[in-house]
Amino acid sequence: LILDTETPTGFNLHGEKHVTSVVEKSLKLLEKRKPKPISSKLIEKELIIAGYLHDIGNLIGRKNHGIYGVILLTKKFFDFNRTKETLYSFLRILEAVLFHEVDMACSIPLLDKLNPVSLGLIIADKTDVSSWRISPKADTRKAVNDEYALVNLFTSKSTISTRGKSFIWRILFSPATSKREKLFFP
């Protein structure tokens, strides 16, 4: 419940539907990637783990949830018996969890220096917008002052695809009737 009151406009939903959508979008991006990475099966596993765990830091707080996520994951898996390969895999997952948050990703001079797991997760997470992500507890009248809530409120569908080395993000803007009425007709 605290997450629903974290900001004046409520909190974008980060439950099973969101993380599943992020994982599916990440995997689609990886599948379309050319040339195929040599270790695409390992990257696929890392994407699935990072995708399902990327918002775990929200259990502590919305702001800096990428950092909180890394702290939680390292505490949880600190004593985990790992080989050199699983350690590197774990570090790639931690990188993705840390840098999926906008403030952290903006601190990197060159995003293309991130590993494919991080890049796929960032793209999939940031393109997962839709009116269903607005919490029913949100004060949508205040959403006009919150760019994240506003984009979600007015988006009915968001898809990503690839073309060569680029990705295409299509957004269909069509405000949800009940939420639009709540926004403009209190």
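Residues numbered from 1 in each chain as written. Predicted model: local features only at pLDDT ≥ 70, side-chain atom pairs only at ≥ 80, totals over all residues. Heavy atoms only, no water.

> I'm lost on the overall build of the protein chain in this one. Help?
Counting its regular elements, the protein chain contains eight helices and two strands. For the protein chain, the N- to C-terminal ordering of α and β elements is α-α-α-α-α-α-α-β-β-α. Within the protein chain, the fraction of its 186 residues that count as buried is 41%. Counting only contacts in the protein chain whose residues sit at least 6 apart along the sequence, the fraction spanning at least 24 positions is 62%. Carbon and sulfur atoms make up 62% of the accessible area of the protein chain, which amounts to about 11,300 Å² in all. (Helix = DSSP H or I, 4+ residues; strand = E, 2+ residues; numbered from the N terminus. Buried < 20%, exposed > 50% of the residue type's maximum accessible area, 1.4 Å probe, protein only. Contact = heavy atoms within 4.5 Å. Areas by Shrake-Rupley, 256 points an atom, 1.4 Å probe, with all protein chains shown as cover.)

> Help me understand the pattern of salt bridges, please; the structure alone is not making it clear to me.
Pairs can form between side chains of opposite charge whenever their charged atoms are close. Under the defined criterion, the tally for this structure stands at four salt bridges. The partner of K25 in a salt bridge is D128, with the nearest N and O atoms 3.8 Å apart. Separated by 103 residues along the polypeptide, K25 in helix α1 (residues 16–32) and D128 in the loop between α6 (116–126) and α7 (147–153) bring together distant segments of the chain. For the residue pair K25 and D128, the accessibility class agrees, reading buried in each case. With a closest N to O distance of 2.8 Å, K126 and D125 form a salt bridge. By relative accessible area, K126 is classed as partly exposed at 31%. Given a relative accessible area of 7%, D125 falls into the buried group. (Salt bridge = Lys/Arg side-chain N within 4 Å of Asp/Glu carboxyl O.)

> Just to check I follow, could you spell out a nonpolar patch on the surface for this structure?
Among the surface-exposed residues, V151, F167, W169, I171 and F173 lie close enough to one another that they form a single nonpolar patch of about 430 Å² accessible area. Considering every element that reaches the nonpolar patch, the biggest residue donor is strand β2 (residues 166–173), with four residues. Tracing the sequence through the fold places V151 in helix α7. The class of V151 is partly exposed, set by a relative accessible area of 31%. (Patch = residues over 30% accessible without salt bridge, like charges linked within 9 Å, V, L, I, M, F, W, Y side chains within 5 Å.)

> Could you clarify how one ought to interpret unusual backbone geometry in this entry?
Leaving glycine out, the prevailing phi sign among residues is negative, and the prevailing peptide bond configuration is trans. Look at N64: it is not a glycine, yet its phi comes out positive at around 65°. If you trace the backbone, N64 turns up in the loop between α2 (40–53) and α3 (65–76). Owing to a relative accessible area of 30%, N64 belongs among the partly exposed residues under this scheme.

> Would you mind going over the nonpolar core with me for this structure?
Formed by 22 residues in total, the largest nonpolar core has its most connected members in A50, F99 and V117. Listed by contribution, the elements that provide at least two residues to this core are α1, α2, α3, α4 (84–99), α5 (102–105) and α6. Counting residues per element, this core draws most heavily on α4, which supplies seven residues. Those residues within four positions of A50 in sequence are excluded, and the remaining contacts are I93, A96, V97, V117 and L121. (Core = buried A, V, L, I, M, F, W, Y, C linked by side-chain atoms within 4.5 Å.)

Any functional reading would require information beyond the geometric quantities listed.
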